[in-house]
Structure formats: C-alpha cells, structure tokens
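The chain contents come next:
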Amino acid sequence: MAMVSAAAGRADRANEDFTGALPAAAVLVDGAGIRGAESICRHGVAWYANRLGGCLLGLLSLAQDRDLPAVLAEAIEQVTDDHRDTCDVADRISPSAAVAILRLSNGLVEYLVLGDAYVVLDKADSAPLVVSDPREVVISRSYEPALEAAAEGSDEYHRILSDLRSNRNQPGGFWVAKDDPRAADEAITGSCPISELTDAGAVLLSNGAGGIVDRFGLTDWPGVMAILASSGPDEIIRRVRQAEAHHAVAADDATIAHCTGFGQA
C-alpha cells in the first residue's frame, strides 16, 4: 500500500513532481527545468515528469523480470521519442528529472535512485537505509557563493544556474533522466530482503520533501519514519512548508510516497 502526499511549491504553477504506485512497485519523478525552457520544449517540466512516471509504471507492470536501470532507460527513450520531433530534447535546459523507484520481487525490495530524490527503507535491526545520489548536491555547492552573490531571478543568477546545469549528464558531473537513456546506467541501485523491513516499510521523497532533513535539519531519517508512522506524509510536508516560511525561502514542490504492508507481499 502506498500513501501519497504532494504539494506544489506555488499555487499558480502545476506540481512538477509525479508519483504513482502498483501493487508491487512505486515511482517518484521530480521534474526540473530553468527559465527559457519554454522556447526549447513546448510541453514543459510537469508534462515530462508525468510522462516519464506513466511510462515507468507501465513498463514495471509488464517487465517484472527486467532490472530497474533497463526499465528506466526504456522509459527515458520513450518519452524522448514522444517529443523529439517538436522540441529540442538535447538542449541543456530542456526538461529533466530525478527518479526514485521501489519494487518488490522474489522476496526482495529493489530500489533505484537517479538524481536528487530519496528512497528510505526502515530496517528492523539498524538505522534506516537512506539511498540518495549526492553528485548534484556536491557540484551545486561549488556554485553556491556565486548564486548567493547574484540577485535571485536576475539574468546573472540564471546564467550561473545554466552553467551549473551544463554539468548534467556529463562524466565527472551529475546524472538525471533527460534525453539520453544511457543516464540510467549511472543510477544508484540495490536491494534488501523484505523480511528486514519494519511495518513502516519504505518511503520515496522528492528533494523538496527531503528538505525536512537535509535542508532544514528539522529531524533525522529515523524521525522521518516515526512521523510517517504516527501522522502520515502530510505532516512531513506541513513541517517543510513551515520551515520554508520561517527562513523566507521559496517553497519547492514536495512529494512523498510512503509504502507499507510489505509483510503481505
């Protein structure tokens, strides 16, 4: 069972995250784009995230014996083909996304993370297993001084942000779902026995929701699992929104899929 909570960062803009679940799998896609992308792709980031998420769910329902990077690669290729003739899919500012996938298979919980999304597995005999891809965060930190010096929203700010994005899907850079299916080979993957998980199960989070730990330090990952068990994913997002308001920072799209009931799988 997956309990989902999602909230757009702005009331006047669609949530650019996607999440969905099957009886034995869950998917979260965190779309990304920067100013000017409208001239490159007429569909937009929300379209890309929803299209990719839908393709992933369809493939996961049909190809249960394929490894997760192969499923992701095919989904990226399908979505790229969907708008290759109308949009400049290879441009560095065309829509992209981070991806998190969870699948139950043969007594295992399999996971995949590409980009700055999270999968957290609540293990019975140890701290939660937190699966994330730190490469974008590490590279982004080197740009923080210049971004902080530039006026947010200015041409200079967006120039620096565009330069940061030029590290995307490059050797030595960071990797996301975009137009090249080979990016799926860079995903972080693994598995653990279902029997090792607690009743709290597992959770997929976009980076906006994961900010409760890594951006605002409101709790740790065991605390996140405790909040989910007691109050559900809406409470995570409520606390993130409070922290964003307190620190006067722009609200980010925040999406969570909390998966439980693995004991019946």
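Higher on the page you've got the structure.
Residues numbered from 1 in each chain as written. Predicted model: local features only at pLDDT ≥ 70, side-chain atom pairs only at ≥ 80, totals over all residues. Heavy atoms only, no water.

1. Brief notes about the sheet that holds strand β5 (residues 108-114)
And then number 1: With antiparallel pairing, five strands are arranged side by side in an open sheet as β2-β3-β4-β5-β8. Two strands bound the open sheet, and with one partner strand each, they are β2 (17-22) and β8 (188-193). Averaged over all neighbouring strand pairs, the angle between strand axes comes to 10°, with direction disregarded.
And then number 2: As judged from the seven bridges shared by strand β4 (residues 96-105) and β5, these two strands associate in the antiparallel manner. Its bridge partner being in β5, alanine 100 is matched across the sheet by valine 113. (Pairing = 2+ DSSP bridges. Helix = DSSP H or I, 4+ residues; strand = E, 2+ residues; numbered from the N terminus. Axes fitted to C-alpha atoms, helices over the stretch in contact; angles between N-to-C directions.)

2. Topic: unusual backbone geometry
And then number 1: Residues other than glycine seldom take positive phi values, yet asparagine 169 does so here, at roughly 55°.
And then number 2: Considering the arrangement of structural elements, one finds asparagine 169 in the loop between α4 (155-165) and β8.
And then number 3: One non-glycine residue, alanine 248, lies in the positive phi region at around 55°.
And then number 4: Summarising the element assignment, alanine 248 is placed in the loop between α7 (233-247) and β10 (254-259).

3. Re the side chain of serine 96
And then number 1: Following the sequence through the fold, serine 96 ends up in strand β4.
And then number 2: Exposure remark for serine 96: the relative accessible area of 1% places this residue in the buried category.
And then number 3: Setting aside anything within four residues of it in sequence, one finds serine 96 in contact with Asp30, Gly31, Ala32, Tyr48, Arg165, Arg168, Val176, Ala177 and Lys178. (Buried < 20%, exposed > 50% of the residue type's maximum accessible area, 1.4 Å probe, protein only. Contact = heavy atoms within 4.5 Å.)

4. Quick look at the nonpolar core
And then number 1: The biggest cluster of nonpolar side chains holds 29 residues, and the ones touching the most others in it are Leu52 and Leu56.
And then number 2: Secondary structure elements with two or more residues in this core: β3 (25-32), α1 (45-62), α2 (68-83), β4 and β5.
And then number 3: A total of eight residues in this core trace back to one element, the largest contributor, which is α1.
And then number 4: Residues in contact with leucine 56, not counting those within four places in the same chain, are Val27, Val29, Val71, Leu72, Ala75, Val99 and Ile101. (Core = buried A, V, L, I, M, F, W, Y, C linked by side-chain atoms within 4.5 Å.)

5. Let's talk about the pattern of salt bridges
And then number 1: According to the stated counting rule, one finds twelve salt bridges in the structure shown.
And then number 2: A salt bridge links arginine 84 to aspartate 81, with the nearest nitrogen and oxygen atoms 2.9 Å apart.
And then number 3: Between aspartate 179 and lysine 178 there is a salt bridge, and its shortest N-O distance comes to 3.1 Å.
And then number 4: The class of aspartate 179 is partly exposed, set by a relative accessible area of 22%.
And then number 5: If you follow the salt bridges from partner to partner, you end up with Asp133, Arg135 and Glu186 in one network. (Salt bridge = Lys/Arg side-chain N within 4 Å of Asp/Glu carboxyl O.)

6. Considerations on helix α5 (residues 207-214)
And then number 1: With six of eight residues buried, α5 lies mostly within the body of the structure.
And then number 2: Every buried residue of α5 is listed here: Gly208, Ala209, Gly210, Gly211, Ile212 and Val213.
And then number 3: Contacts from the buried residues of α5 go to β6 (118-123), β9 (197-205), α6 (221-231), α7 and β10.

7. Topic: the pairing of β9
Side-chain direction in a regular strand flips from residue to residue, so the side chains alternate between the two faces of the sheet.
And then number 1: Counting buried residues along β9, seven of its nine residues qualify, which places the element largely inside the surrounding structure.
And then number 2: The sheet contact formed by β6 and β9 spans five bridges and is antiparallel. Bridging across to β9, lysine 123 finds its partner in leucine 197.
And then number 3: Both β9 and β10 contribute to a ladder of four bridges, which runs antiparallel. Its bridge partner lying in β10, valine 203 is registered against histidine 258.

8. Things to note about the packing of α1 against α2
And then number 1: Two numbers describe how α1 lies on α2: the axes approach to 9 Å, and their chain directions differ by 135°. On the basis of their axis angle, the class for α1 and α2 is oblique. Note on packing geometry: the crossing formed by α1 with α2 is right-handed. Contacts between α1 and α2 involve Trp47, Tyr48, Arg51, Leu52, Cys55, Leu56, Leu59 and Leu60 from the former and Leu68, Val71, Leu72, Glu74, Ala75, Ile76, Gln78, Val79, Asp82 and His83 from the latter.
And then number 2: A breakdown of the residues in the contact of α1 with α2 according to their chemical character gives 13 nonpolar, two polar and three charged. (Parallel < 35°, antiparallel > 145°, perpendicular 65-115°, else oblique. Left-handed = near helix turned anticlockwise from the far one by under 90°. Nonpolar A, V, L, I, M, F, W, Y, C, P; charged D, E, K, R; others polar.)

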